[in-house]
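Descriptive analysis of the structure
Here is how the chains run, residue by residue.
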Amino acid sequence: MQKLKQKYRRYWQLYLFLLLPFAYVFIFNYIPMVGLQIAFRKFSIAKTMWTSPWVGFANFEKFLTSYQFARVLKNTIFLSAYAVLAAFPFPIIFALTLNSITHRRFKKITQTITYIPHFISVVVLVGIVNQILHPMNGLYGTFYRLLTGSVPSDLLASPRAFPHIYVWSGVWQNFGYNSIIYFAALSSVSPELHEAAQVDGANRFKRMLHIDLPAILPTITIMLILRMSSVMNLGFQKIYLMQNTLNLSASEVISTYVYKKGLGSGAAND
């Protein structure tokens, strides 16, 4: 115990710095958990969260026995798994490829261009997607009519096309920004390893495969674990903005379903 006190006194500045992340986690992660009780109440804005009647697991039973439960759960799992499988490899491939290029100015310009889409708001991104894929006024519709002379089908209203549009627009928006951590990991690779490999006759691809990739493999593993921890968290805004009555069979997920039933309907949730 005495040694522990001496350790605290010696490194008190470091422990003081820990108060900031602890305070952040407590304020933004633990205090909001008080609001989870809404799930166990028949919530009413007029009665507030604390005075709304307690109903236990009635809301969960209603959701689990709903005829839409199987479809909503399937859509959520499918879109989550699809997003992970499609989006996770691209930042790695991009970082490895760009890191092997020796032209520094080209690398910086390319990185800057690929980072920009990440800072586009969800509303603007969905607006861009709608403008590009519009069957009459969008680029998709214009080129289709020029090539075939007929009006194309509306991809935004197609349940089969929705998962691909949702996932690949997200890949385009985030792959550049997500590659930053892999660029940081690659910067720690010793140039001497590449020099020795060049002497042995290894080309760029082999050096990337046998030096760069093993060097960032621990980072890849950690990032994959972190990504899998939020596999069911698809978010709300983008899916809700891309939804319409025609693609609802493929676009309705748990977050949008709960919003519509709990808040969006404007009717009593009996």
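Scroll up for the structure.
So, here's what we can say about the structure. (Residues numbered from 1 in each chain as written. Predicted model: local features only at pLDDT ≥ 70, side-chain atom pairs only at ≥ 80, totals over all residues. Heavy atoms only, no water.)

Looking now at the overall build of the chain. Each helix and strand counted, the chain has 16 helices and zero strands in total. By the compact-globule yardstick of 18 Å for 270 residues, the chain is too spread out, its C-alpha radius of gyration being 25 Å. By principal-axis analysis of the C-alpha atoms, the chain measures approximately 80 × 75 × 30 Å. In the chain, buried positions account for 30% of the 270 residues. Considering only contacts in the chain between residues 6 or more positions apart, those separated by 24 or more positions represent 60%. Summing over all exposed atoms, the chain offers an accessible surface of approximately 18300 Å²; the carbon and sulfur share of this is 68%. Here the chain holds 24 positive side-chain charges and 8 negative ones, and the gap between their average locations is 8 Å. (Helix = DSSP H or I, 4+ residues; strand = E, 2+ residues; numbered from the N terminus. Rg over C-alpha atoms; globule rule 2.2 N^0.38 Å. Buried < 20%, exposed > 50% of the residue type's maximum accessible area, 1.4 Å probe, protein only. Contact = heavy atoms within 4.5 Å. Areas by Shrake-Rupley, 256 points an atom, 1.4 Å probe, with all protein chains shown as cover. Lys, Arg positive; Asp, Glu negative; His and termini not counted. Charge placed at Lys NZ, Arg CZ, Asp CG, Glu CD.)

Nonpolar side chains collect at one region of the surface, where Leu 4, Tyr 8, Tyr 11, Leu 14, Tyr 15, Phe 17, Leu 18, Leu 20 and Phe 22 lie side by side and expose about 950 Å² of accessible area between them. In terms of residue count, helix H2 (residues 12-30) provides more of the nonpolar patch than any other element does, six residues in total. You can see Phe 22 is positioned in helix H2. Look at Phe 22 and you get exposed, because its relative accessible area is 58%. (Patch = residues over 30% accessible without salt bridge, like charges linked within 9 Å, V, L, I, M, F, W, Y side chains within 5 Å. Salt bridge = Lys/Arg side-chain N within 4 Å of Asp/Glu carboxyl O.)

Mapped onto the elements of the fold, Ile 38 is located in the loop between H2 and helix H3 (48-51). As a C-alpha pair, Ile 38 and Thr 51 span 13 residues in sequence and 11 Å in three-dimensional space. Sequence-distant contacts of Ile 38, that is, excluding residues within four places in its chain, are made with Phe 43, Met 49 and Asn 59.

To continue, consider the pattern of salt bridges. As enumerated under the stated definition, the model contains one salt bridge in all. The salt bridge involving Lys 260 is made with Glu 252; its shortest N-O contact spans 3.3 Å.

Here we take up empty space enclosed by the protein. Under the defined criterion, the tally for this structure stands at one cavity of 30 Å³ or more. The computed volume of the largest cavity comes to approximately 40 Å³. Taken together, Asn 130, Leu 155, Leu 156, Phe 162, Ile 165, Met 242 and Asn 247 make up the lining of the largest cavity. Per-class residue counts for the lining of the largest cavity are five nonpolar, two polar and no charged. (1 Å grid on protein atoms, 1.4 Å probe; cavity = no way out; pocket = protein on both sides within 12 Å on 5 of 7 lines; lining within 4 Å. Points joined across faces, edges and corners; volume = space filled by probe spheres on them. Nonpolar A, V, L, I, M, F, W, Y, C, P; charged D, E, K, R; others polar.)

Moving on, we get to the packing of helix H6 (residues 89-99) against helix H13 (residues 204-229). Running from N to C, H6 and H13 point in directions that differ by 140°, and their axes come no closer than 11 Å. Classified by the angle between their axes, H6 and H13 sit oblique to one another. The handedness of the crossing between H6 and H13 comes out as right-handed. Touching Ile 92, Leu 96, Thr 97 and Asn 99 of H6 are Met 208, Asp 212, Leu 213, Ile 216 and Ile 220, all from H13. In the contact of H6 with H13, the residues fall into six nonpolar, two polar and one charged. (Axes fitted to C-alpha atoms, helices over the stretch in contact; angles between N-to-C directions. Parallel < 35°, antiparallel > 145°, perpendicular 65-115°, else oblique. Left-handed = near helix turned anticlockwise from the far one by under 90°.)

To continue, consider the packing of aromatic side chains. Following the criterion strictly, the structure yields 17 aromatic pairs and no others. With a centroid separation of 5.0 Å and 45° between ring planes, the pair formed by Tyr 24 and Phe 28 is classed as tilted. A residue pair is termed a helical-turn pair when its members lie 3 or 4 positions apart in one helix, as Tyr 24 and Phe 28 do in helix H2 at four residues. Judged by centre distance (5.9 Å) and plane angle (55°), the ring pair of Phe 57 and Phe 60 falls under tilted. Put simply, the rings of Phe 40, Trp 54, Phe 57 and Phe 60 pair up and form one aromatic cluster. (Phe/Tyr/Trp six-rings, centres within 6.5 Å; stacked < 30°, edge-to-face > 60°.)

Under the 1.5 Å per step criterion, the end-to-end length of helix H5 (residues 69-87) is 27 Å for 19 residues, consistent within 8% with the ideal 27 Å. Here H5 has its buried residues at Val 72, Asn 75, Thr 76, Leu 79, Ser 80, Tyr 82, Ala 83, Val 84 and Ala 86. (Expected span 1.5 Å × (residues − 1).)

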